[in-house]
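The lines below spell out each chain.
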Amino acid sequence: MDRLYIFDTTLRDGEQVPGCQLNTVEKIQVAKQLEMLGVDVIEAGFPVSSPGDFNSVIEISKAVTWPTICALTRAVEKDIDVAAEALKFAKRKRIHTGIGTSDSHIKYKFNSNREEIIERAVRAVKYARRFVDDVEFYAEDAGRTDNEYLARVIDAVVKAGATVCNIPDTTGYCLPYEYGEKIKYLYEHVDGFAAGKSILSTHCHNDLGMATANTMSGVLNGARQVEVTINGIGERAGNTSLEEVAMILKCHKGIGIETNINTTKIYPTSRMVSSLMNMPVQPNKAIVGKNAFAHSSGIHQDGVLKNVQTYEIIDPHDVGIDDNAIVLTARSGRAALKNRLNVLGVKLDQEKLDKVYEAFLKLADKKKDINDDDILLLAGADRTQNHRIKMEYLQVTSGVGVKAVASLGLNIAGEKFEACASGNGPVDAAIKALKKIVNRTMTLKEFTIQAISKGSDDMGKVHMQVEYDNHMYYGFGANTDIIAASVEAYIDCINKFQ
């Protein structure tokens, strides 16, 4: 079997999604889960971009044992210096440097020319090799770079010491056959690949829905590293999904390529990332969506009951989905809750488990069935415990033909405030009451209810985007009362104001 290396960029490219930023503790939690999943390389951040990213790379380097820790840079010496410093505790370290190579980038982004870009690329790789033996070069917008020039750039950086060459379809523009031909052309025209001096890597975006198809086309034409994210998260329409590539190769054994991924950890990892980043997985998402193994058609149900392989090519257990999961109710004990959290990839110490269990019992009294989303929301609820502003109470009166009125109580740094307001509906009234207490000029730019999936007693999930002082802030709230969830999401935004 041939070996394909899995380069996970959930903590770098994936975290660039608005509203999905993680703190250092959360990043370490994800990194440890990625290690358990079996990824080969973890791109931990872009150290020069912020003190937070710099610190996260340091702490992830300390926390993770065997995967290579990678730090992103531009083809700039200061970036590389900072990345090298951030990687000082990594057991295996890689600097990922590069520059745009398409005519569009060369002309409009760099105001440069082709020869100068090659010189800058070579200089950056040679400089990075002073600090680490493992240097990856990315040719940004390679998808729209003509193959002949791209081969010149890649040949030059391989000779300069690049151990991996990343060929990003940055805009998600390529068709699968085009991307595959690009990888094949590079493999055939750059001597270093056949000689084993460097390997080709894919990095595909999903703007046209072809990220996974392009990635697999690249693999079939010689790429031996894929750059992916959990749940396919990433800028704009996202990146190639790790889980899709891993399961394609597991299902199509005839391809003869294997990964180090422990596929039974896929579902728990997916749910952890979804929960920590407040980024719901679409129900019809391949492999990890809640409908991925659901059958509603009578014909399909009949076929599955007779033989599961008639309509399922993947055993749910292979990706870590336990279709015989313990059902949680108000009568469930701590052990059952702890077991379900472990299945979902969440491990809590006893003190935190006790707090989550108390919240679980309160929720279980309000609704009949507790689902996985509820459990993950409860496990993540402690993130608001240290917020300066907390909601004490909310009372709303509304109905057909009457003005909605809301009474709200807040605890702000230990001091209690109250306000009443009317509005064009209960949510509007509640937010107006909130604004009376928090007297700042802020504008609600986006308000999304994330689906109440099964019954009227289920948890409502709300995402909000608020503009304040020319900056955007993202908030999240969850409650069996959608009005309360909306206020919690707005408060979450305000707690992030600088």
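For the structure given in this document, a descriptive report is provided here. (Residues numbered from 1 in each chain as written. Predicted model: local features only at pLDDT ≥ 70, side-chain atom pairs only at ≥ 80, totals over all residues. Heavy atoms only, no water.)

With respect to the helices and strands, the residue Arg440 is situated in the loop between helix H16 (426-437) and strand S14 (442-449). Residue classification places Arg440 among the partly exposed positions, given a relative accessible area of 32%. Once the C-alpha coordinates of Arg440 and Asn411 are considered, the two residues, 29 residues apart in sequence, prove to be 17 Å apart. The residues touching Arg440, leaving out its near neighbours within four places in the chain, are Arg388, Tyr468 and Phe497. (Helix = DSSP H or I, 4+ residues; strand = E, 2+ residues; numbered from the N terminus. Buried < 20%, exposed > 50% of the residue type's maximum accessible area, 1.4 Å probe, protein only. Contact = heavy atoms within 4.5 Å.)

Pairs can form between side chains of opposite charge whenever their charged atoms are close. For the coordinates displayed, the defined rule picks out 25 salt bridges. For the salt bridge of Arg236 with Asp207, the shortest nitrogen-to-oxygen distance reads 2.6 Å. Of this pair, Arg236 sits in the loop between strand S9 (225-228) and helix H10 (242-251) while Asp207 is found in the loop between strand S8 (199-204) and helix H9 (211-220), placing the two residues 29 residues apart along the sequence. The salt bridge involving Asp354 is made with Arg334; its shortest N-O contact spans 2.9 Å. (Salt bridge = Lys/Arg side-chain N within 4 Å of Asp/Glu carboxyl O.)

A surface patch of nonpolar side chains, about 240 Å² in accessible area, is lined by Leu444, Phe447 and Ile449. The exposure class of Leu444 is partly exposed, given its relative accessible area of 32%. (Patch = residues over 30% accessible without salt bridge, like charges linked within 9 Å, V, L, I, M, F, W, Y side chains within 5 Å. Areas by Shrake-Rupley, 256 points an atom, 1.4 Å probe, with all protein chains shown as cover.)

The buried count for strand S15 (residues 460-468) comes to eight of nine residues, which makes it a mostly enclosed element. Two strands pair when backbone bridges link them, and S14 and S15 are joined in this way by seven bridges, in the antiparallel orientation. If you follow Met442 over to S15, its bridge partner there is Tyr468. In the sheet, S15 pairs with strand S16 (residues 471-479) via nine bridges, with the strands oriented antiparallel. Of the residues in S16, the one forming a bridge with Lys461 is Ala478. With antiparallel pairing between neighbouring strands as the criterion, S15 and S16 make up a hairpin whose turn holds two residues, including Asp469 at a positive phi of roughly 55°. (Pairing = 2+ DSSP bridges.)

One closed barrel accounts for eight strands, arranged S2-S3-S4-S5-S6-S7-S8-S9; its pairing is parallel. Taken over all neighbouring pairs, the strand axes of this sheet differ in orientation by 25° on average, direction set aside. With four bridges joining them, strand S3 (residues 41-45) and strand S4 (residues 68-72) adopt parallel strand pairing. Bridging across to S4, Gly45 finds its partner in Ala71. Each of S3 and S4 touches helix H2 (residues 51-63); the most contacted strand, S3, lies at about 145° to it. (Axes fitted to C-alpha atoms, helices over the stretch in contact; angles between N-to-C directions.)

Following both chains from N to C, one finds H2 and helix H3 (residues 77-86) inclined at 35°, their axes separated by 8 Å at the closest point. Contacts between H2 and H3 pair Phe54, Val57, Ile58 and Ser61 from the former with Val82, Glu85 and Ala86 from the latter. Grouping the amino acids of the contact of H2 with H3 by side-chain chemistry returns five nonpolar, one polar and one charged. (Nonpolar A, V, L, I, M, F, W, Y, C, P; charged D, E, K, R; others polar.)

A few words now on the sheet that holds S14. Strands belonging to one sheet form pairs held by backbone hydrogen bonds; the direction of such a pair is parallel or antiparallel. Ordered in space as S14-S15-S16, the three strands form an open sheet in which the pairing is antiparallel. This sheet does not close on itself; its edge strands, each paired only once, are S14 and S16. With strand direction ignored, the average angle separating the axes of adjacent strands in the sheet is 20°. Strands in contact with helix H17 (residues 482-495) are S14, S15 and S16; relative to S16, the strand with the most contacts, it is inclined by about 145°.

Turning next to helix H13 (residues 334-343). What H13 keeps buried is the set Ala336, Leu337, Arg340 and Leu341. For H13, the angular spread of the buried residues around the axis is 135°, confining them to a single face. Immediately downstream of H13, the backbone of Gly345 shows phi near 85°, a positive value. (Arc of directions from axis to C-beta.)

A few words on the nonpolar core. Grouped together as the largest cluster of nonpolar side chains are 108 residues, with contacts concentrated most on Phe137, Ile154, Ile167, Ile266 and Leu337. Ranked by residue count, the leading element in this core is helix H6 (residues 147-160), at nine residues. (Core = buried A, V, L, I, M, F, W, Y, C linked by side-chain atoms within 4.5 Å.)

Here we take up the environment of Asp103. Counting through the fold element by element, Asp103 comes out in helix H4 (residues 103-109). Considered as a pair, Asp103 and Thr145 are 42 residues apart in the sequence and their alpha carbons are 6.9 Å apart. Side chain to side chain, Asp103 and Arg114 meet in a polar contact 3.2 Å long. (Polar contact = N/O pair within 3.5 Å; in protein donor to acceptor, adjacent residues only side chain to side chain.)

Let's shift gears to the side chain of Asn239. Position of Asn239 relative to the elements: it lies in the loop between S9 and H10. For Asn239, the contacting residues outside a window of four places in its chain are Thr9, Asp13, His203, Cys204, His205, Ala211, Thr229, Gly232, Ile233 and Gly234.

Applying the stated criterion across every chain yields a total of four aromatic pairs. Plain terms: the ring middles of Tyr127 and Phe131 are 5.4 Å apart, the flat faces sit at 75° to each other, and that makes the pair edge-to-face. Classification of Tyr127 as buried rests on a relative accessible area of 10%. Judged by centre distance (4.3 Å) and plane angle (10°), the rings of Tyr468 and Phe497 are stacked. Residue Tyr468 is found in strand S15, and its partner Phe497 is found in the segment after H17; the two are separated by 29 residues along the sequence. The buried category is assigned to Tyr468, whose relative accessible area is 18%. Put simply, the rings of Tyr468, Tyr473 and Phe497 pair up and form one aromatic cluster. Stacked on the ring of Tyr149, the Lys or Arg Arg114 has its end atom at 4.4 Å from the ring centre. (Phe/Tyr/Trp six-rings, centres within 6.5 Å; stacked < 30°, edge-to-face > 60°. Lys NZ or Arg CZ within 6 Å of the ring centre and 35° of its normal.)

Positionally, His96 belongs in strand S5 (residues 93-100). Polar contacts involving the side chain of His96 include one to the side chain of Glu43, which spans 2.8 Å. Filtering out sequence-adjacent residues up to four positions away, His96 remains in contact with Phe7, Glu43, Cys70, Ala71, Leu72, Thr73, Glu136, Phe137, Tyr138, Asn166 and Glu227.

For the coordinates displayed, the defined rule picks out zero disulfides. Here Cys20 stays free of any disulfide, with the sulfur of Cys493 as its closest cysteine sulfur at 13 Å. Distance from the sulfur of Cys165, which forms no disulfide, to the nearest cysteine sulfur (Cys70) is 13 Å. Assessed through its relative accessible area of 0%, Cys165 is described here as buried. (Disulfide = S-S within 2.5 Å.)

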